[in-house]
Structure formats: structure tokens, C-alpha cells
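A closer look at the structure
So the chains spell out like this:
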Amino acid sequence: MTNPQRATADSDRDLAEAVLRDGDERAFRDLYRRHTPRLLAFVARLLAGTESDAEDAVQETWIRACGGLERFRWDAAFSTWLLGVGLNVVRDQLRKTGRSRTTTVEELPDPPAPAVPHDARIDLERAIATLPDDFRLVLVLHDVEGMKHEEIAERLMVPVGTTKSQLFRARRMLRATLTQST
């Protein structure tokens, strides 16, 4: 009989090995419950789309993660690796939907009208969602997830200078959007 406290006692590695070795459904559910809230928030920010888009990305991330679990070498935390898988899923979804990675300022939609009085809290998530895909990816990876420019450049397969300039421009556009809505 399995201990009901296992989800808090077992490491990610123990759970992943149980999934690989035994096809342990409970171990998978424990991993899923442990990591899905952060994964969902991450992909939702990157996609800046509907909740169902984010949920689809999470489902696809777990499918790919399970398929690649035996190749995971544990050089990084499981959560870091899983977010990397999620990032690749998001990039694939953005390509499939035909959304441009290089949207210009002129192509951006007008920022949403504030739904609350000016003195109320600004909806930062909505402002981030107005950024072009490539700027939003770099901003979220750097400012929200805390990645360094070198890691972002490696994951996105672009030069470090590109991530720096995209972050600068994303912050500038975000400031402009937030200033317009106040």
C-alpha cells in the first residue's frame, strides 16, 4: 500500500522514476499536481490567449514531457526542464497559429480599455498580453521566471544581444501601454 503522504515526501526524481519504471499513475498525478499550477501560469503568460489555449499547451507539455522523460538527465530541476518543454510547446503553437514573432509597434492592437477606475490596480497581465510574441517571451522568461540572457538566448536560439534589445523594447512598450491606460 502506498503512503498517502507520498506527494510531499517523494522527490520529483523518485516520482519520475516510478512513472518510468512501473507506469505508476499515482506518481504521475503527484508530479502533475505539483507542477501544473506554475506551468499553466507560465504558458498562459507566454501565449497571451484564451484559457483553453493555455490548457491545451499544458496538456501537450505533459505529453511531450512523458515521452522525453527517459532522456531527461537531471542536470537541472525537473520544474526547469518542464518549463523548457512548455516553452517549446508555446513556440510551436505560436508558429502554427500564424502569429508573428516580429510584430511591429504599428501592428499592435490598441491596449484594452481599463475595466476599472483609474485609481484601481492596473491589469499588468493584460498589458503583457499586448506585447509582440518575441518581446513577451523574453520579458516573461527574464522578468517573471528570472532567467539570465544567456539561457534565454540558448532556449530561443537567438543571440544574447537580441534578447537584451527585445527586453528593452518590451519594457518600453509595456510602460507606454500602462501609461496610456492610466
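In the block above lies the structure referred to throughout.
Summary of the structure given here. (Residues numbered from 1 in each chain as written. Predicted model: local features only at pLDDT ≥ 70, side-chain atom pairs only at ≥ 80, totals over all residues. Heavy atoms only, no water.)

This next bit is on the pattern of salt bridges. A side chain of one charge can pair with a side chain of the opposite charge if their charged atoms are brought near each other. Within this structure, the stated rule accounts for 14 salt bridges. Across the pair Arg73 and Asp75 runs a salt bridge whose closest N-O atoms are separated by 2.9 Å. The burial state of Arg73 is the same as that of Asp75; both residues are exposed. Through salt bridges with shared partners, one network takes in Glu60, Arg64, Asp92 and Arg95. (Salt bridge = Lys/Arg side-chain N within 4 Å of Asp/Glu carboxyl O. Buried < 20%, exposed > 50% of the residue type's maximum accessible area, 1.4 Å probe, protein only.)

With 21 residues, helix α9 (residues 160-180) extends 30 Å between its outermost C-alpha atoms, agreeing within 8% with the 30 Å of an ideal straight helix rising 1.5 Å per residue. Summarising the contacts, the buried residues of α9 are in contact with α6 (124-129), α7 (133-144) and α8 (149-156). (Helix = DSSP H or I, 4+ residues; strand = E, 2+ residues; numbered from the N terminus. Expected span 1.5 Å × (residues − 1). Contact = heavy atoms within 4.5 Å.)

On to helix α4 (residues 51-68), then. Taking 1.5 Å per residue as the helical rise, α4 with its 18 residues ought to reach 26 Å, and the 26 Å between its terminal C-alpha atoms agrees with that figure. Buried within α4 are the following residues: Ala54, Ala57, Val58, Thr61, Trp62, Ala65 and Gly68. Considered in projection along α4, the buried side chains sweep an arc of 135° and stay on one side of the axis. Those residues of α4 that are exposed and angled more than 90 degrees off the buried face are Gln59 and Ile63. Turning to α4, the residues buried within the fold contact α3 (25-47) and α5 (78-96). (Arc of directions from axis to C-beta.)

Attention now goes to the nonpolar core. Membership of the largest hydrophobic core comes to 44 residues, with the highest contact counts inside it found for Phe42, Val43, Phe78 and Leu156. Residue assignment for this core shows that the elements contributing at least two residues are α2 (12-22), α3, α4, α5, α6, α7, α8 and α9. Setting aside anything within four residues of it in sequence, one finds Phe42 in contact with Leu83, Gly86, Leu87, Val140, Leu141 and Glu145. (Core = buried A, V, L, I, M, F, W, Y, C linked by side-chain atoms within 4.5 Å.)

A grouping of Glu51, Asp53, Glu55 and Asp56 is seen on the molecular surface, where their side chains present a negatively charged patch. Among the secondary structure elements, Asp53 is positioned in helix α4. (Patch = residues over 30% accessible without salt bridge, like charges linked within 9 Å, V, L, I, M, F, W, Y side chains within 5 Å. Areas by Shrake-Rupley, 256 points an atom, 1.4 Å probe, with all protein chains shown as cover. Lys, Arg positive; Asp, Glu negative; His and termini not counted. Charge placed at Lys NZ, Arg CZ, Asp CG, Glu CD.)

Nothing here speaks to function; it is geometry throughout.
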